[in-house]
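Examination of the molecular architecture
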Amino acid sequence: MTSIAHGLLLQIDSKSRIPKYQQIVDSIVKNIERGDLKVGEKLPSINDISEEYYLSRDTVVRAYNLLREKKIITSVVSKGFYVNKAVNSSNSKILFVLNKLSNYKLEIYNTFINSMGSDHQIDLQVYHCDPKLLVNIIEENLGAYDYFVIMPHFKNKNNLHSNTNPEVIDCLKSIPKNKLVIMDNYLPELGDDVACIYQDFKTDLYKALEEAKALLQKYDKLILAFPDNPIYPYPKEIKQGFLNFCSNHGIDAEVLDKIYPDMELQKKDAYIVIDENDLVSLVKQTRDMHYEIGKDIGVVSYNDTPLKELFDITVISTDFELMGESAAYMIKKHKQEVVPNIFSFIDRGSL
């Protein structure tokens, strides 16, 4: 449905699965982007939109409240709603650089965008754990952005994970310290006056397993499926934390590079699985053998997702949303602090 009310063009599709309030928000933003609505221009009242488009007042109120939260519109008592700003205006330009694309990384990125708000231009680049590519990205964009948010994970000549790289460190030092935010991995070479929200992979895993110790000790053997991924290698500290925990608590342990087809599954084994495909394979094989997850076979997955929550998979995971929110907070509040991100054991009954 397309109509014009007080100069405002709204496009509401009654058959769309997009919530009506979001369609109102999107339409108003598009009107502002096109220049059909100017800063200071008055918007139709809630009642006018409700009547013109056959929408409930609550739907329109929700849309206007969302626009007010984003400071795109403002309200004046007894007068109505007005366009507060041009949505394409940008207070700052931010380059967000990921080592790889994954659900977890994109969750951080999307949370960061939402936390920063609409006043910032945020661009995304990916360097695929290649330190030379990261150096090129930084050097090419050094004068083009106000802030750099970088997630440093590298692979060395043997395609193994590396926490640091001398060329990258030198390149990062060319960025003013108050314009740089490091995420996910701590780089001590940069000093403690560069903003950083990080995971301590070895310690985080050890402490999470400590939380689960009473459950893990019910099993005869604990197995870590640690992927051998030459493109996106995982931090070796995860494996170190696992082995340290098992050694200190006298737990029989084994490390596999993947979950193989036709695994020799035995009752009273517990698995810690990092890769999503390995998790699917393990669950399928467990069901094929008519074993009960959480009773016969223990399953813990590394890094949480909505699907794991839906299927009651116990996880050990950092808080990805918090990491994105923390990075945005440091930029907005001009903080230069080094802080560990929360890492937790979340029991959902599969262990």
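Owing to the predicted nature of the structure, the values given are computational and were not obtained by experimental measurement.

Quick word on the overall build of the protein
Secondary structure summary: the protein contains 12 helices and 18 strands in total. Referenced to the eigenvectors of the C-alpha coordinate spread, the extents of the protein come out at roughly 75 × 50 × 30 Å. The 351 residues of the protein split such that 47% are buried. Within the protein, residue pairs in contact and separated by at least 24 positions form 67% of the contacts whose partners lie at least 6 positions apart. Looking at the protein as shown, the accessible area adds up to about 17,800 Å², and 48% of this sits on carbon and sulfur atoms. Here the protein carries 41 positive and 50 negative side-chain charges, and the mean point of each set is 4 Å from the other.

Observations regarding the confidence of the model for the protein
Close inspection of predicted coordinates is inappropriate in any region flagged by low pLDDT. A residue-level look at the protein finds 96% of positions with pLDDT of 70 or above and a mean pLDDT of 92. Mean pLDDT across the elements of the protein bottoms out in strand S1 (residues 2–5) (42) and peaks in strand S14 (residues 269–273) (98). In the model, residues 1–5 has pLDDT below 50 throughout and makes 21 contacts with residues more than four positions away in sequence or in other chains.

Regarding the sheet that holds strand S7 (residues 147–150)
Taking strand neighbours across the sheet as the criterion, the 6 strands line up as S6-S5-S7-S10-S11-S17 in an open arrangement whose pairing is parallel. Only two strands of the sheet have a single partner each, and these edge strands are strand S6 (120–126) and strand S17 (338–340). Each strand axis lies, on average, 15° off the axis of its neighbour in the sheet, ignoring direction. Across 4 bridges, the pairing between strand S5 (residues 92–98) and S7 is parallel. Looking at the pairing, Phe96 lines up with Val149 of S7. The strands that helix H4 (residues 103–116) touches are S5, S6, S7 and strand S10 (180–184); relative to S6, the one it contacts most, it runs at about 170°.

Thoughts on the packing of helix H1 (residues 20–34) against helix H3 (residues 57–69)
It is the contact of H1 with H3, at a shortest axis distance of 8 Å, that shows an interaxial angle of 50°. Taken together, the axes of H1 and H3 lie oblique to each other. For the pair H1 and H3, the crossing hand works out as right-handed. When H1 is examined against H3, the residues Lys20, Tyr21, Gln22, Ile24, Val25, Ile28 and Val29 are found in contact with a partner set consisting of Thr59, Val60, Arg62, Ala63, Tyr64, Leu66 and Leu67.

Things to note about the environment of Cys129
With respect to the helices, strands and loops of the structure, Cys129 is situated in the loop between S6 and helix H5 (131–141). Once you skip the residues sitting within four places of it in the chain, Cys129 turns out to touch Asn99, His153, Phe154, Lys155, Ile231 and Tyr232.

Section: the side chain of Gln199
Turning to its location among the elements, Gln199 is positioned in the loop between strand S11 (195–198) and helix H7 (201–211). Residue class for Gln199 comes out buried when judged on its relative accessible area of 6%. Of the polar contacts made by the side chain of Gln199, one reaches the side chain of Asp184; its length is 2.5 Å. Apart from residues lying up to four places away in sequence, Gln199 is in contact with Asp184, Asp204, Tyr302, Thr318, Met323 and Phe343.

Digging into the nonpolar core
If you look at the biggest cluster of nonpolar residues, it comprises 26 residues, and the most contacted ones within it are Leu222, Phe242, Phe245, Ile272, Tyr302, Ile316 and Leu351. Within the residue set of this core, elements represented by two or more residues are H7, strand S12 (221–225), helix H9 (236–248), S14, strand S15 (297–302) and strand S18 (343–346). Apart from residues lying up to four places away in sequence, Leu222 is in contact with Leu216, Phe242, Phe245, Cys246, Ile251, Asp252, Ala253, Glu254, Ala270 and Ile272.

A short note on H1
In a regular helix each residue adds 1.5 Å, so 15 residues correspond to 21 Å; H1 covers 21 Å between its end C-alpha atoms and thus fits that length. Where H1 is buried, its residues touch strand S2 (8–11), H3 and strand S4 (80–83). The positive-phi residue at the C-terminal boundary of H1 is Gly35, with phi of around 90°.

Observations concerning the pattern of salt bridges
The tally for this structure, following the rule as stated, stands at 8 salt bridges. The residue Asp36 makes a salt bridge to Arg34 at a minimum N-O spacing of 2.8 Å. The partly exposed category is assigned to Asp36, whose relative accessible area is 39%. Arg34 gets classed as partly exposed once you look at its relative accessible area, which sits at 47%.

Rules of the game
- Residues numbered from 1 in each chain as written.
- Predicted model: local features only at pLDDT ≥ 70, side-chain atom pairs only at ≥ 80, totals over all residues.
- Heavy atoms only, no water.
- Helix = DSSP H or I, 4+ residues; strand = E, 2+ residues; numbered from the N terminus.
- Buried < 20%, exposed > 50% of the residue type's maximum accessible area, 1.4 Å probe, protein only.
- Contact = heavy atoms within 4.5 Å.
- Areas by Shrake-Rupley, 256 points an atom, 1.4 Å probe, with all protein chains shown as cover.
- Lys, Arg positive; Asp, Glu negative; His and termini not counted.
- Charge placed at Lys NZ, Arg CZ, Asp CG, Glu CD.
- pLDDT = per-residue confidence, 0-100.
- Pairing = 2+ DSSP bridges.
- Axes fitted to C-alpha atoms, helices over the stretch in contact; angles between N-to-C directions.
- Parallel < 35°, antiparallel > 145°, perpendicular 65-115°, else oblique.
- Left-handed = near helix turned anticlockwise from the far one by under 90°.
- Polar contact = N/O pair within 3.5 Å; in protein donor to acceptor, adjacent residues only side chain to side chain.
- Core = buried A, V, L, I, M, F, W, Y, C linked by side-chain atoms within 4.5 Å.
- Expected span 1.5 Å × (residues − 1).
- Salt bridge = Lys/Arg side-chain N within 4 Å of Asp/Glu carboxyl O.

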